[in-house]
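An overview of the molecular structure
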Amino acid sequence: MSDPAAVPIHVDRLTCRYGEFTAVDDLTFTVERGEIYALLGTNGAGKTTTLEALEGHRIPTSGSVRVLAASPTDRGRVRPRMGVMLQESGFAAELTAEESVDLIGAISGRMDDSARLLDRVGLAGKRRTRVAQLSGGERRRLDFATAIYGSPELVFLDEPTTALDPAARDHLWEVVMQLREAGTTILMTTHYLEEAEQYADRIGLMHAGRLEHEGSLAELVAAFPAHIEFRADPGSRELPGSFERHGADLFSLQTRSPQEDLLRLLRWAEAEGVGLGGLRCTPSSLTEIFRGLERHPEPVVRVGGRS
Amino acid sequence: MLHIARAELRMLWRNKVVAACAVLMPLAFAVLLIVMRDRFGGAGGTIAALQIIVMAGFGVYITATTTLAARRQTLLLKRLRSTAIADAGILGGLLVPVVVLNVVQLLIVLAAVVATGEFPVNGWLVAVHVAAVEAMFLALALATWGLTGTPEQAQITTMPVFILALGAAMWITLTGSRSQVALQRSLPGGASVEAIVGAWSGTVPGTQGLLLTLPTLAWALVALLAAIRLFRWEPRH
């Protein structure tokens, strides 16, 4: 386990309960400086509760969270160094976009130029538009602008691209990558797996309040079995391995050694004179791992990584 | 806190419903009282006491409850709490404009009462009770906010206390009844109404007038304790 004082985010056995319901259960992970860490999970997995504990909005039932080597509730010390993009907008409908950024910026403990920031998130033309008149996507961008006001060391992004069109999404990620290049640490949640695949250095997969899997995309994919599938009519011949049969002629195998299993299958087919229709071998993917969360809850798998 | 207060004033001004509730309604009532003062006995103290209760009730109690409920419902409070400012600064920023606006209105209206009638004998005592009434309604707003989910609900949840305070003020000023003094003083703002009427006419001496702040401040204290128990920054889901 990393030294809590040396990493921007340190979560140790975090548990959050609401009455009888356990939203987050014994969660432990760290995020390194300059890293983009994506917290993914099924609906109600506890991602937002985790983020809110880290932002200082939730007091943990047990365990500890440290942000920038301090308690997240120590606002005077921590907040000037971190930006927060909430899951829901939370702006006053009567204020304009620029007034909203000015207000949040002025009490953020950081300095920046609101007009430049609005331009950076693609809202230059909406500076004087009241929040009530902004679309859902524009409000998300406004939210993003307040989170990155003054280029904080640490940024929390809770589903940042929800309600954004593809172009706005790309633009937001462009800005996020610029922040990262400048050394900003980013913890985000998202329902878009492809965003985590493309941009995150490490991914934590949550289900039912627990961290089920954690690692880089390559590490996660490598740690899960590949899938071999084919159609055949083997008759009474015995297949070379523990293939599962689906219906009349479809066979499949989950394997961690696809090369060997595939070679063995091909040799067997040639020797026995059996045709293999629709043969394919697919490696594991984040989507498959994600789908497997609800089907096969397993103990936490940590692959590589820095925690 | 000043940044929030400035934004809050702007929001108050731009939200026509809240602005009407905070500014126009109490002012309309004030004008009505001044114009029809003879029907209320004609005494400046009576008019002033009624105006202070009604204007602070509308301008501070109902407006602050509505404002806080709206800011919580739209998650603005959560957003403000995501910044470096302390909770007290957030609440101060939201509530100070409401109180300042109300005090300015009261000053204008009380000046009109003076201009159309007599000057209060113990003006300082009136000022002390204005402060006590403002504190009471502010604390009651914080407590009522805990029971209020939406700004629309605030129009209902504030009614019992507002009607009780208005009823007490009318009972004391208009009927002149002194048979239930203890009960009158124990009602929200009742003791202050008695003190303001007396301070205006000079029939309540300073010491007694100061003692009459105690029931009003007791309401403020009880309301604050209730507010602490009922307090929540985020909407209940």
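Per chain, residues are indexed from 1 in the order of the written sequence. A letter from A marks each chain and a number from 1 marks each ligand, given out in the order of writing. Given that this is a predicted model, residues contribute local features only at a pLDDT of at least 70 and side-chain atom pairs are listed and counted only at 80 or more, while totals for whole chains, interfaces and linings are drawn from all residues. For the side-chain quantities, the full set of heavy atoms in the structure was used; hydrogens and water were omitted.

**Structural notes on helix H10 (residues 190-201) of chain B**
All names here are of chain B. Taking 1.5 Å of rise per residue, 12 residues should cover 16 Å, and H10 covers 17 Å from first to last C-alpha, within 8% of that figure. Taken across its 12 residues, H10 has 10 buried, putting it largely inside the fold. Relative accessibility decides the category of a residue: with a 1.4 Å probe and only protein chains considered, values under 20% of the type maximum give buried, values over 50% give exposed, and everything between is partly exposed. By the criteria applied, helices consist of DSSP H or I runs no shorter than four residues and strands consist of E runs no shorter than two, each listed in order from the N terminus. Those residues of H10 that sit buried are Gly 190, Ala 191, Ser 192, Val 193, Glu 194, Ala 195, Ile 196, Gly 198, Ala 199 and Trp 200. Gly 202 occupies a position one or two residues after H10 and carries a positive phi of about 85°. How far a helix is expected to stretch is found by multiplying one less than its residue total by 1.5 Å.

**A few points about the nonpolar core**
As used here, the term nonpolar core means buried Ala, Val, Leu, Ile, Met, Phe, Trp, Tyr and Cys residues forming a set that is joined through side-chain atoms within 4.5 Å. Counting 113 residues, the largest nonpolar core has Leu 40, Leu 142, Phe 144, Ile 203 and Leu 205 of chain A together with Phe 137 of chain B as the members making the most contacts within it. Top element by residues in this core is helix H3 (residues 44-73) of chain B. It accounts for 16 residues. Residue contacts follow a heavy-atom distance rule, with two residues in contact if any of their heavy atoms lie within 4.5 Å. What Leu 205 of chain A contacts, discounting residues up to four positions off in sequence, is Leu 40, Arg 210, Leu 211, Glu 212, His 213, Leu 220, Leu 286, Ile 289, Phe 290 and Leu 293 of chain A. Counting 28 residues, the second-largest nonpolar core is a separate cluster that includes Val 11, Ala 70, Val 78 and Phe 156 of chain A.

**Some points on the confidence of the model for chain A**
Summary statistics for chain A give a mean pLDDT of 86 and a share of 94% for residues scoring 70 or more. pLDDT under 50 marks residues 298-307 of chain A. Its contacts with residues more than four places away, or in other chains, come to 30 contacts. For every residue, the predictor states its confidence as a pLDDT score lying anywhere from 0 to 100.

**Description of the packing of aromatic side chains**
Aromatic ring pairs are described here by two measures, namely the spacing of the ring centres and the angle between the planes. For Phe, Tyr and Trp, rings pair up if their centres lie within 6.5 Å, where Trp contributes its six-membered ring, and each pair is then called stacked (planes under 30 degrees apart), edge-to-face (over 60) or tilted (otherwise). One pass over the structure, following the stated rule, counts 8 aromatic pairs over all chains. Taking 5.1 Å as the distance between ring centres and 20° as the angle between the ring planes, the aromatic pair formed by Phe 29 of chain A and Tyr 37 of chain A counts as stacked. Tyr 37 of chain A carries the same exposure label as Phe 29 of chain A, and that label is buried. When the centroid spacing of 5.0 Å and the interplanar angle of 80° are considered together, the rings of Phe 231 of chain B and Trp 233 of chain B count as edge-to-face. Criterion for a charge above a ring: Lys NZ or Arg CZ within 6 Å of the ring centre, and within 35 degrees of the ring normal. In this structure, Arg 169 of chain A is placed above the aromatic ring of Tyr 192 of chain A, and the distance from its NZ or CZ to the ring centre is 3.9 Å. The residue whose ring lies beneath Arg 79 of chain B is Phe 91 of chain A, and the NZ or CZ to ring-centre distance is 4.2 Å.

**Thoughts on the interface of chain B and chain A**
Each side of the interface is counted separately: chain B has 23 residues, and chain A has 27 residues. The junction of chain B with chain A conceals about 2,300 Å² of combined surface from both sides, 55% of it contributed by carbon and sulfur atoms. Basic side-chain nitrogens of Lys or Arg form a salt bridge, by our definition, when they fall within 4 Å of a carboxyl oxygen of Asp or Glu. At the boundary of chain B with chain A, the tally comes to 6 salt bridges. A salt bridge links Glu 99 of chain A to Arg 10 of chain B; the nearest nitrogen and oxygen atoms lie 3.7 Å apart. Two N or O atoms count as a polar contact when they lie within 3.5 Å, although within protein this holds only if one can serve as hydrogen donor and the other as acceptor, and sequence-adjacent residues are included solely when both atoms are side-chain atoms. On inspection of chain B and its partner chain A, the count reaches 14 residue pairs in polar contact (both at pLDDT 80 or more). Every element with two or more residues in the side of chain B that touches chain A is listed here: helix H1 (2-14), helix H4 (76-80) and helix H5 (87-116) of chain B. Per-element accounting of the side of chain B that touches chain A gives the leading share, 6 residues, to H1 of chain B. Under the convention adopted here, Pro, Cys and the residues Ala, Val, Leu, Ile, Met, Phe, Trp and Tyr are nonpolar, Asp, Glu, Lys and Arg are charged, and Gly plus all remaining residues are polar. Among the residues forming the side of chain B that touches chain A, the class breakdown is 10 nonpolar, 5 polar and 8 charged. Accessible-area loss on putting two parts together, using a 1.4 Å probe and summing over both, is the definition of buried area adopted here.

**Quick word on the sheet that holds strand E2 (residues 21-31) of chain A**
Residues and elements named next belong to chain A. Here, strands pair whenever DSSP counts at least two bridges between them. One open sheet accounts for 3 strands, arranged E2-E1-E4; its pairing is antiparallel. In the strand order of this sheet, the two ends are held by E2 and strand E4 (62-67), each with one partner. The average angle at which neighbouring strand axes cross in this sheet is 25°, direction not considered. Summarising the sheet, strand E1 (residues 9-18) and E4 pair through 5 bridges and their orientation is antiparallel. Looking at the pairing, His 10 lines up with Arg 66 of E4. The axes are straight lines fitted to the C-alpha atoms, using for helices just the contacting stretch, and the angles between their N-to-C directions are given from 0 to 180°. On top of the sheet, helix H1 (residues 47-55) reaches E1, E2 and E4; it is set at about 115° to E1, its chief contact.

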